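The primary structure of each chain is shown beneath.
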Amino acid sequence: MASSKTATAAARAEELRDLLNQALIAYHVEDEPIMEDAAYDALYDELVALEEEHPELVTPDSPTRRVGGLSDKFEKVQHLEPMGSLEKVTTDEGLRKWDEDVRKRLRTGEPVAYVLEPKIDGLAVNLTYENGVLVRGATRGDGVQGEDVSRNIRTIKAIPLRLKGGAPALIEVRGEVYLPISGFRELNERLAGTNQKLAPNPRNAAAGSLRQKNSAITADRPLSIWVYGAGHREGVEFDTQFAMLEWLREHGLRTNPFAQRLESIDDVAAACVEWEKRRLELDYEIDGVVVKVDSLDQQRRLGVLHSRPRWARAYKWAPMTAVTRLLEIRIRVGRTGALNPWAIMEPVQVGGVTVTRATLHNEEDINRKQIRAGDDVIVQRAGDVIPQIVGPAGPHRRGTKEFRMPTHCPLCGTEIVKPEGEAMHRCPNRACPSRGLETLINWTGVADIEGVGEQTIRILWEQGLVRLLPDLYRLTKEQLVELEGFAEISASAAIESILRSKQVPFSRVLLGLNIPGIGWVLARNLASHFGTVDRLVAATPEEVAEVEGFGPDRAEDVVDWFADEQNRALVQELRDLGLRFELGADERPREGPLTGSTYVVTGTLERFSRDEAKTRLEALGAKVTDSVSAKTTGLVVGEEPGASKLTKARKAEVPILSEADLLVLLGES
Ligand code: IVH
């Protein structure tokens, strides 16, 4: 009786293990969940109960073995086949030299195809599967011997405890454990919050997470893996690198979807350049791409030199994080009165550009991250164009002060306020010069005034020549010629382009007025909803709240702005000067081949400015908005795109389009 009960329990335990392991692969590796979270939890709890009752039924591939535990030290383990490292190249020339060397060594003049994949900046591991079951996970160590981190490896849900499908007697799977950038940021925030040393980059964070003595801590970090190859194997053979990747994928291992097989070194070189641009699209850090000869027969004939295969190269880029000294935190008062802190740093190379400035968010954020002037800090360029300070690079030096916002506006001396529930400090003075100055600077961009930029506006401001927008339209060539950097011709050209800017469409004028909360999408929505400024001025908060993208609060701000005496005078003056306060024919929505679709454009394009791209898309009937949602038809990505837009697009599965795709869409290619 008891034995038959045990037999049923054993069968059920096996069934549960299978189901749960399949569900984990489907969720973490294949991105195609096969059950609801609640169903998973219920089955998992059932297995836990069953194993408690029958401890003898616990197997090493049971998903319940993914929980924490303590190890006092990691045992050394020998890899069955050594884990080599990669020779690097950093230039197109280096890449082509290598290709020549490969061909020379192979002698026969036979074709050579390559496999290219991102080089993940994480930590190399060796996963040993015996008869399909994960029996050990080890770090690379010195390449011959690594450390047994099996307990920690098991907590990584993207690593299957049992391979899918028919399994070979033995295989060493090689891959890179990494921490996604989002996980890296969160981890550092947590570490800073508890006064611990921060991880300077995702690789260090991943390594630290994997070498925890307490695997419950590892389990708590969102580690993942990309598998890129195999070491020693028995009972399975491959002909090519690419076939090996396919096999690994089919057996439930997470291989990088961007791995590609290329037939010529020209294609490889082009892909390397392409990837340097695309690296920012990823939610994990890559420090280059790895190029491998595809044929395993060719690999064998090429061999290995000083544990570096002659059949592979790492094409590497400059790192995206660096350490430098934070010299000073300065404040800039924005055009809405918000006090924006920013950092001045000792110049440092990050991702191939020299960086001296970084944005900082607000007082609370600065202090939570323990960022202090005088300290060495970690600087990171992620998706954003402007670098960020991640946190201090080492333990704090004593005596450096916590950052405090000024109590009075650095420009007009008005007492600073911090509205309840808001993170930003503000100068409440509507007449604060910053607002005027920032509005003017902003206007040169909004109205596309060529030859008059921030520098010129600052000089004009300092000389008292321009205070408000209308002053700009009363400038004379004679006044400009007097200024540094202007001569006869450039002054005439600047005046001409100022005058031309009177023709900017109504929606742009609204945008340039610097109404709180109004970006270019809302400005356009206001313009097309009301059609004329008179109707807008007459609108009630309820009426404004009906405009797409507005809620009661934003509507209130708009109505308040137009209720202000000075603002109305400003509008009137601009109108008298000939600026457009009515919707032009060119601003009405068009019917066209793209009617009904919505695009977002991010980053810098080569062929057009972002505004031009918008105009062109709109001319074909498309809507162009500022933020990605599930309704977005496509995200057009240029260079240095916004990270959050990309992340959102990937989450919502919005197609990501390159500039080339855009050209096709516009019928130009
Ligand atoms: S193949 C013989 N492919 O880069 C070594 N390595 O210096 C073959 N890495 O420690 C390695 N992404 O951890 C390979 N897609 C990838 C990789 C990759 C990251 C790491 C690997 C190794 C280092 C090579």
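To start, this report covers the structure provided alongside it. A quick note: this is a predicted structure, and the numbers were derived from the prediction, not measured. (Residues numbered from 1 in each chain as written. Predicted model: local features only at pLDDT ≥ 70, side-chain atom pairs only at ≥ 80, totals over all residues. Heavy atoms only, no water.)

Here's the deal with the overall build of the chain
And step 1. Across its full length, the chain carries 25 helices and 22 strands.
And step 2. Once the C-alpha set of the chain is aligned to its principal axes, its extents read approximately 95 × 65 × 60 Å.
And step 3. Here the chain holds 669 residues, and 49% of them are scored as buried.
And step 4. When contacts within the chain are restricted to residue pairs at least 6 apart in sequence, long-range pairs at least 24 apart make up 68% of them.
And step 5. Summing over all exposed atoms, the chain offers an accessible surface of approximately 32400 Å²; the carbon and sulfur share of this is 49%.
And step 6. For the chain, the distance from the average position of its 86 positive side-chain charges to the average position of its 104 negative side-chain charges is 4 Å. (Helix = DSSP H or I, 4+ residues; strand = E, 2+ residues; numbered from the N terminus. Buried < 20%, exposed > 50% of the residue type's maximum accessible area, 1.4 Å probe, protein only. Contact = heavy atoms within 4.5 Å. Areas by Shrake-Rupley, 256 points an atom, 1.4 Å probe, with all protein chains shown as cover. Lys, Arg positive; Asp, Glu negative; His and termini not counted. Charge placed at Lys NZ, Arg CZ, Asp CG, Glu CD.)

Digging into the packing of helix α3 (residues 92-106) against helix α9 (residues 265-278)
And step 1. Close contact between α3 and α9 brings their axes to 10 Å; oriented N to C, the two are set at 150°. As the angle between them shows, α3 and α9 are arranged roughly antiparallel. For α3 against α9, the interelement crossing comes out right-handed. Each of D92, L95, R96 and D99 in α3 lies in contact with α9, whose residues at this interface are I265, D266, V268, A269 and C272.
And step 2. Split into classes, the residues belonging to the contact of α3 with α9 amount to 5 nonpolar, no polar and 4 charged. (Axes fitted to C-alpha atoms, helices over the stretch in contact; angles between N-to-C directions. Parallel < 35°, antiparallel > 145°, perpendicular 65-115°, else oblique. Left-handed = near helix turned anticlockwise from the far one by under 90°. Nonpolar A, V, L, I, M, F, W, Y, C, P; charged D, E, K, R; others polar.)

A closer look at the sheet that holds strand β9 (residues 260-262)
Hydrogen bonding along the main chain pairs the strands of a sheet, whether they run parallel or antiparallel.
And step 1. One open sheet accounts for 5 strands, arranged β2-β13-β10-β3-β9; its pairing is mixed. Every other strand in the sheet has two partners, leaving β2 (88-89) and β9 as the edge strands with one partner each.
And step 2. Direction of pairing for β2 relative to strand β13 (residues 312-316): parallel, over a ladder of 2 bridges. Paired with V89 across the bridge in β13 is Y315.
And step 3. Running at roughly 20° to strand β3 (residues 114-120), α9 makes contact with β3, β9, β10 (286-293) and β13 of the sheet. (Pairing = 2+ DSSP bridges.)

Re the packing of aromatic side chains
And step 1. Within this structure, the stated rule accounts for 9 aromatic pairs.
And step 2. Members of the aromatic cluster, connected to one another through ring pairs, are Y178, W226 and Y284.
And step 3. The ring of W275 carries R278 above its face, with NZ or CZ at 4.8 Å from the centroid. (Phe/Tyr/Trp six-rings, centres within 6.5 Å; stacked < 30°, edge-to-face > 60°. Lys NZ or Arg CZ within 6 Å of the ring centre and 35° of its normal.)

Some thoughts on the side chain of T255
And step 1. In this structure, T255 sits in the loop between α8 (241-250) and β9.
And step 2. Here R249 takes part through its side chain, which lies 2.6 Å from a polar atom of the side chain of T255. (Polar contact = N/O pair within 3.5 Å; in protein donor to acceptor, adjacent residues only side chain to side chain.)

Remarks on the nonpolar core
Side chains of a nonpolar character, in soluble globular proteins, are inclined to be buried together.
And step 1. In this structure, L510, L513 and L526 are the most contacted members of the largest nonpolar core, which totals 54 residues.
And step 2. Formed by 40 residues, the second largest nonpolar core is a distinct cluster that contains V149, V173, L187 and A205. (Core = buried A, V, L, I, M, F, W, Y, C linked by side-chain atoms within 4.5 Å.)

What to know about the pairing of strand β15 (residues 339-350)
And step 1. Relative to β15, strand β14 (residues 321-333) is paired through 7 bridges, and the arrangement is antiparallel. Bridge pairing in β15 links R330 to W342.
And step 2. Pairing geometry for β15 and strand β16 (residues 353-359), over 6 bridges, is antiparallel. Paired with A343 across the two strands is A358, which belongs to β16.
And step 3. Remark: 2 residues form the turn of the hairpin made by β15 and β16, two consecutive strands paired antiparallel; G351 in that turn has positive phi of roughly 55°.

Here's the deal with the site of the ligand
And step 1. The environment of the ligand is formed by 14 residues, the closest being L86, I120, A124, E176 and K292.
And step 2. Note that a nitrogen atom of the ligand is positioned 3.2 Å from one of the side-chain N or O atoms of E117.
And step 3. Here a nitrogen atom of the ligand and a backbone polar atom of I120 are 3.1 Å apart.
And step 4. Secondary structure elements with two or more residues in the shell around the ligand: β3 and β10.
And step 5. In terms of residues, the shell around the ligand owes the most to one element, β3, which gives 4 residues.
And step 6. Among the residues making up the shell around the ligand, the classes are represented as 7 nonpolar, 2 polar and 5 charged. (Near = heavy atom within 4 Å.)

Examining the sheet that holds strand β19 (residues 598-602)
And step 1. Taken together, 4 strands build an open sheet; the order of strands is β20-β19-β21-β22 and the sheet is parallel. A single partner strand is all that each edge strand has here, and the edge strands are β20 (623-625) and β22 (656-657).
And step 2. Of the pairings in the sheet, the one linking strand β21 (residues 634-637) to β22 comprises 2 bridges and is parallel in character. Bridge pairing in β22 links V636 to L657.
And step 3. The strands touched by helix α23 (residues 610-619) within the sheet are β19 and β20, with β19 carrying the most contacts at an inclination of about 165°.

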